[in-house]
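What follows is the residue order along each chain.
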Amino acid sequence: MTDATSQNSVAGNERRTSSLYTLDARTRRRNAAETRFKIYGMTAVGIGLVFLVILLVTIVRNGIPAFTQTSFDMPVVLEAEALDPNGNRDPADISKVSTFGYNPLIEQALERLVAEHGIETEMSGADLRKMVSSGAAAQIRNTVLANPDLIGETVTFRVLASSRVDGYMKGRVTRDDLARDKNLDAEHLNIVDVLSEEGGLERAFNWAFITGSDASESRPEQAGIGVSMLGSLFMMLVVLLLALPIGVAASIYLEEFAPKNRWTDLIEVNISNLAAVPSIVFGILGLAVFIQLVGLPQSAPLVGGLVLTLMTLPTIIISTRASLKAVPPSIRDAALGVGASKTQAVFHHVLPLAMPGILTGTIIGLAQALGETAPLLLIGMVGFIASNYPDGITAGFLSPNSAMPAQIYEWAKRADPAYYERAWGGIIVLLLFLMTMNIIAILLRRRFERRW
Amino acid sequence: MPVLWIVLIILALAVVGYIMGRQRALASAGGDSRKLHSLPSYYGSSVAIFTVVFSLLVLVCWLIIQPIVINNSVASTIPDTAIPEASSLGLVMSDVRRVANGLDLAVAGGAIPANEVSEISTEDTDLRGLLASVGVALGSDVSEPVLDAAQSYRNLSKTGNILMTVVVLAIAVGGFIFAFLRSHKDFRARNVVETSIRYLLILAASIAILTTIGIVLSLIFNTIDFFTLYPASDFFFGTTWSPSFGGGSQLGIIPLLWGTMYISIIALAVAVPIGLFAAVYLSEYASPKMRSFAKPLIEVLAGIPTIVYGLFALLTVGPLLLQVFGPNGTGWMGAASSVMTAGLVMGIMLIPFVSSLSDDIINAVPQAMRDGALGLGATKSETVKQVVLPAALPGIVGAILLAASRAIGETMIVVLGAGAAARLSLNPFEAMTTVTAKIVSQLTGDADFSSPEALVAFSLGMTLFVITLALNVLALYIVRKYREQYE
């Protein structure tokens, strides 16, 4: 520091004419630098918060429309000649009529609906049917098959509008867009305008989105996230059942029993490295070991759960060790002092005290696993339509399914913009789950946190 | 017998064992638990442990090994002539498994009577149609050798399953009897139980090592397979990436590495200044109230799943950038997906990562150093710039390295936001692709690992693993070394 002192002494020799009351130029400069620096910091925090707000607003604004869906209320005459040509109400005969047989009924119903509201149109029934989801025929057919007595009567069905009509109602599709679209014309929209004013066309909360299954590329209006939600649930069950006991056991060993030797060091280094291995590498591991080597079925939630277990283990181990470490040694000493064995001291005294922390860590680990997508892509949980609910518990673990994030990715890849809305909606559902889990974790921590 | 039943039987046996073992020990002490060496529950637990642990271990190992053994023995019976042109043993074997599985399903679903399955032949049954009716779709008609192999596959699995049931249950019963007979008042049950618990704990802790070994082995073997099909030098130094499943692909990693680096650099250029300034502000300037409000909110960004950021890049940031830099704007950008799109969004994702790591490190700088600087008349910002940050520098470098490794390994943002074309270009508004994105595109929905186009994903994974591991080890080393400095 000799340099500094010598400089100071040089500076000290100069005549200073400033006073404490007027700032000299240098102080002003330093103060300005101070203010600038503070502003930089505030800006950085602000930018971070603004990004968060933008992200959330984007998600909510784009995703909320997915929770409502437009549908037509229309009376359909279930003509006996068309649906049951032999007239004997035999279920086998009725089921011979394919969905194509139901299309004319829908067309007639639409023509009547349009005429009822006094709309003049030159469009044929087949043209009008473009306003209705292509899944409508299947919906009516299933109702008829389940209840053959309805044949010959007039039944009011609530059928989904096609995704274009739905998009128009939500403002996603404009009349300009339709100029290049052969699926719907401006004339359809005139009808839609009248119908939505006079009733007959209604936009209601979309339970089918939350409980339903995925639909094929051409029917976005039918797609729902329910089945993949179940896939995620089964995966989380696997993760919880495996990661919690294994993670806690591993942490107890490392924290309470492990001697300080090379083997323990190796395990510790391993765990901290595994925590930072890219998730996609775990996907490769799952593909190579669980599917290629062991021969577990592709796309099964069991495999997804196993991969996510390996991925979450480090998180759970790290947080469990922290909460074990937070239990003061006096507890252990007291237990040992009254004659408990080391194992008893740990399992009867330390573990129960550390439990809230362990659960918090586990829930956060589960939340992380719930949102993870990349490894699921590799074990095949995308690329097909998760159209059926698994029948039974075993099937839930072993039959192909999707998971919420994988389903969102699948929708994001599809060409129809109507699916983007579904993807955003799916994200809202996913984030609600994550939020709930994190809030539970925070509450647990607040409620049971103990300062020693 | 289904595995679930075996497990349930073992567990039931364990419960019975617990009760019986406990009672036998108590009876040997004449009902007076004070005469026992250990508490009565330990005698019960020792019987339960001996019943469950070994039998379940054998069960798990058997389940893993049996398919491999059967696969190999069946594969060796398939004549070379049965393997069609442009196919491989692996593909034929997957057909065999599918047929065998389909036959099982057909029997279970009642499509074929159980006693007729073994007489089925390819001539008088439409096997493909039959299997399709139970939900097993085949790519082609079933040939005679495949059916034979499928039959022997079924027979072997059947024998294997019966053998497994017998062996596992025998071990469970054996362990039960062994431990039950030992339950006597002088038996040191607690020591036995505690030792077994200790070993179970060690086993659980070793899973971390097993995972690493699993990762390394699965990467190495498939990478070696790949390099026997495709020269390593072309992979590491090739500048063209154009896979074609018809053959004649060029699989050079350089363009992918370039894309990865470029996107990561942009991401870090966004995340590091913002994250660092935010950390400095929050730890040095902000009031406790502000800190307790802003810090968790910024960390929410870290809790949002990457698929959300991917969608944000694809549907919001990309189109926004396209409006400004696209054909209607400056004309630099051709499509919504680009290096810039992915980099910016990834940068947002990394902000909390950088800020909370740096925050910890800045907080670890001893207060005495700040007090010293302030006492000498330095302003707060001068203290931060000339005392705190230099002292925290190694830790901050470590944090940045960790963020870089996160950026390199990030998948969903680049899959959705960066595009699919591998190219070497300097224009950040052009679509490029990364190592992770190509792993996904080469492996998704592909069950056959014999072509270099699929196997290349494993070498890409290996490269990724090595790079991120090196960065992590370096970062942890720096952080740890720094931490010790002030403790």
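Residues numbered from 1 in each chain as written. Chains lettered and ligands numbered in written order. Predicted model: local features only at pLDDT ≥ 70, side-chain atom pairs only at ≥ 80, totals over all residues. Heavy atoms only, no water.

> In this structure, what is going on with the overall build of chain A? I would like to understand it.
In terms of helices and strands, chain A carries 21 helices and three strands. Taking 2.2 N^0.38 as the reference for a compact globule, 452 residues should give roughly 22 Å; the C-alpha atoms of chain A span a radius of gyration of 32 Å, well beyond that estimate. Taken across its 452 residues, chain A has 50% of its residues classed as buried. Counting contacts in chain A only where the partners sit at least 6 residues apart, residues at least 24 apart contribute 78% of the total. Accessible surface computed for chain A: about 21,400 Å², of which carbon and sulfur atoms make up 59%. (Helix = DSSP H or I, 4+ residues; strand = E, 2+ residues; numbered from the N terminus. Rg over C-alpha atoms; globule rule 2.2 N^0.38 Å. Buried < 20%, exposed > 50% of the residue type's maximum accessible area, 1.4 Å probe, protein only. Contact = heavy atoms within 4.5 Å. Areas by Shrake-Rupley, 256 points an atom, 1.4 Å probe, with all protein chains shown as cover.)

> Explain the domain arrangement of chain A here, please?
Reports of interface size often rely on the accessible area that becomes lost once the parts have come together. Residue and element names in this part refer to chain A. Parsing chain A into structural domains produces domain 1 (68-205) and domain 2 (226-448). The gap between the C-alpha centroids of domain 1 and domain 2 is 46 Å. Contacts between domain 1 and domain 2 engage six residues on the former and five residues on the latter. One can count three salt bridges joining domain 1 with domain 2. Of the charged contacts in the structure, one is a salt bridge between E421 and R172, with a shortest N-O distance of 2.2 Å. Of all the elements, helix α8 (residues 163-170) adds the most residues to the side of domain 1 that touches domain 2, at four residues. When its residues are assigned to classes, the side of domain 1 that touches domain 2 shows no nonpolar, two polar and four charged. (Domains from an automatic or database assignment. Salt bridge = Lys/Arg side-chain N within 4 Å of Asp/Glu carboxyl O. Nonpolar A, V, L, I, M, F, W, Y, C, P; charged D, E, K, R; others polar.)

> Help me out: how do you make sense of the confidence of the model for chain A in this one?
Atom-level detail of predicted coordinates should not be read off regions where pLDDT is low. Residue and element names in this part refer to chain A. Mean pLDDT over chain A works out to 84, with 95% of the residues at or above the 70 mark. Mean pLDDT in chain A bottoms out at helix α1 (residues 2-13), which sits at 48, and peaks at helix α16 (residues 329-337), which reaches 94. Scored below 50 in pLDDT, residues 4-12 shows zero contacts in the model against residues more than four places distant or in partner chains. (pLDDT = per-residue confidence, 0-100.)

> Looking at this structure, how should I read a nonpolar patch on the surface?
All names here are of chain A. Side chains of L432, M435, I439 and L443 sit close together on the surface and give an oily, nonpolar patch of about 390 Å² of accessible area. The residue I439 is located in helix α21 (residues 417-448) in this model. When its relative accessible area of 43% is taken as the criterion, I439 is described as partly exposed. (Patch = residues over 30% accessible without salt bridge, like charges linked within 9 Å, V, L, I, M, F, W, Y side chains within 5 Å.)

> Would you mind going over the pattern of salt bridges with me for this structure?
Note that side chains of opposite charge can pair when their charged atoms are close. Using the criterion set out here, one finds 21 salt bridges over all chains in the structure. Note that R158 of chain A is salt-bridged to D73 of chain A, the shortest N-O span being 2.9 Å. Note that R158 of chain A is positioned in strand β2 (residues 154-160) and D73 of chain A in strand β1 (residues 68-77), a separation of 85 residues in sequence. Two residues, R34 of chain B and D32 of chain B, come together in a salt bridge whose shortest N-O distance is 3.3 Å. Taken together, the shared-partner salt bridges in this structure form one network comprising D166, K170, R172 and E421 of chain A.

> Please explain the pairing of β2 of chain A as it appears in this structure.
Look at any regular strand and the pattern is simple: side chains alternate between the two faces of the sheet. Residues and elements named next belong to chain A. Only one face of β2 is buried: it carries V155, F157 and V159, and the other face, with T154, T156, R158 and L160, is open. Alignment of β1 against β2, held across seven bridges, turns out to be antiparallel. Bridged to S71 within β2 is L160. (Pairing = 2+ DSSP bridges.)

> Please clarify how the interface of chain A and chain B should be interpreted in this entry.
On the side of chain B, 83 residues touch chain A, which itself brings 73 residues to the contact. Between chain A and chain B the total buried area reaches about 6,700 Å² when both faces are included, carbon and sulfur atoms providing 79% of it. Taking the shortest distance from any N to any O, the salt bridge between R30 of chain A and E382 of chain B comes out at 2.8 Å. The interface formed by chain A and chain B includes 11 residue pairs in polar contact (both at pLDDT 80 or more). (Buried area = accessible area lost by both parts, 1.4 Å probe. Polar contact = N/O pair within 3.5 Å; in protein donor to acceptor, adjacent residues only side chain to side chain.)

> I would appreciate a short explanation of the nonpolar core in the present structure.
Considering soluble globular proteins, one finds that nonpolar side chains tend to be buried as a cluster. Core analysis: the largest hydrophobic core is formed by 184 residues, its most contacted members being F282 of chain A together with Y309, I439 and L460 of chain B. Ranked by residues supplied to this core, first place goes to helix α8 (residues 254-285) of chain B with 17 residues. If we ignore the near neighbours within four places in the chain, the residues touching F282 of chain A are L274, V277, V307, L310, M311 and P375 of chain A together with T211 and I215 of chain B. Of all hydrophobic cores here, the second largest spans 39 residues; its members include M74, V76, Y168 and I191 of chain A. (Core = buried A, V, L, I, M, F, W, Y, C linked by side-chain atoms within 4.5 Å.)

> I tried to follow the sheet that holds β1 of chain A on my own but got confused; where do I start?
Within a sheet, each strand pairs with its neighbour through backbone hydrogen bonds, oriented either parallel or antiparallel. Residue and element names in this part refer to chain A. A sheet is described by the order of its strands in space; here three strands give the open sequence β2-β1-β3, paired in antiparallel fashion. The sheet is open, and its two edges are formed by β2 and β3 (201-205), each paired on a single side. The sheet shows a mean angle of 35° between the axes of neighbouring strands, direction not considered. Judged from the five bridges that link them, β1 and β3 form a sheet pairing that is antiparallel. Each bridged residue has a counterpart across the sheet, and for T70 the counterpart in β3 is R203. (Axes fitted to C-alpha atoms, helices over the stretch in contact; angles between N-to-C directions.)

> Just checking my understanding: could you explain helix α5 (residues 103-116) of chain A for this structure?
Residues and elements named next belong to chain A. When the terminal C-alpha atoms of α5 are compared, their 20 Å separation across 14 residues agrees well with the 20 Å that a helix rising 1.5 Å per residue should span. Inspection of α5 places N103, L105, I106, E107, A109, L110, L113 and V114 among the buried residues, and these make up the whole buried set. Of the residues flanking the end of α5, it is G118, one or two places downstream, whose phi is positive at about 65°. (Expected span 1.5 Å × (residues − 1).)

> In this structure, what is going on with the environment of S441 of chain B? I would like to understand it.
By the secondary structure assignment, S441 of chain B is in helix α15 (residues 435-443). For the pair S441 of chain B and A420 of chain B, spaced 21 residues apart in sequence, the C-alpha separation works out to 8.8 Å.

> Honestly, the packing of helix α14 (residues 279-293) of chain A against helix α6 (residues 189-229) of chain B in this entry has me stumped. Any pointers?
Relative orientation and spacing of two packed helices are given, respectively, by the angle between their axes and the distance between those axes. For the pair α14 of chain A and α6 of chain B, interaxial distance at closest approach is 9 Å and the crossing angle is 80°. Taken together, the axes of α14 of chain A and α6 of chain B are roughly perpendicular relative to one another. Across the interface between the two elements, V281, F282, I284, L285, A288, V289 and Q292 of chain A from α14 of chain A touch T211, G214, I215, S218, L219 and N222 of chain B from α6 of chain B. In the contact of α14 of chain A with α6 of chain B, the residues fall into eight nonpolar, five polar and no charged. (Parallel < 35°, antiparallel > 145°, perpendicular 65-115°, else oblique.)

> Any chance you could explain the packing of aromatic side chains here in plain terms?
When we look at a pair of aromatic rings, we describe it by the centre distance and by the angle of the planes. Across all of its chains, the model carries 22 aromatic pairs over all chains by this definition. Judged by centre distance (5.4 Å) and plane angle (45°), the rings of F226 of chain B and F227 of chain B are tilted. Accessibility expressed as a relative area gives 26% for F227 of chain B, which makes it partly exposed. Taken together, the ring pairs in this structure connect F67, F205, W207, F209, W411 and Y419 of chain A into an aromatic cluster. One residue, R447 of chain A, lies across the ring of F448 of chain A, its end atom 5.0 Å from the ring centre. The ring of F180 of chain B has R24 of chain B lying over it, and the distance from NZ or CZ to the ring centre is 5.2 Å. (Phe/Tyr/Trp six-rings, centres within 6.5 Å; stacked < 30°, edge-to-face > 60°. Lys NZ or Arg CZ within 6 Å of the ring centre and 35° of its normal.)

> Any chance you could explain the side chain of T70 of chain A here in plain terms?
By the secondary structure assignment, T70 of chain A is in strand β1. Setting aside its immediate chain neighbours within four residues, T70 of chain A contacts L160, A161, D166, M169, L201, E202 and R203 of chain A.

> Teacher, can you tell me more about the packing of helix α9 (residues 288-303) of chain B against helix α11 (residues 339-364) of chain B here?
Residues and elements named next belong to chain B. α11 packs onto α9 with a crossing angle of 135° between their chain directions and a minimal axis gap of 7 Å. Of the possible angle classes, the one that applies to α9 and α11 is oblique. Every pair of crossing elements has a handedness; the one defined by α9 and α11 is left-handed. Of α11, the residues touching α9 (which contributes R291, K295, I298, E299, L301 and A302) are I348, I351, P352, S355, S356, D359 and N363. Considered class by class, the residues forming the contact of α9 with α11 number six nonpolar, three polar and four charged. (Left-handed = near helix turned anticlockwise from the far one by under 90°.)

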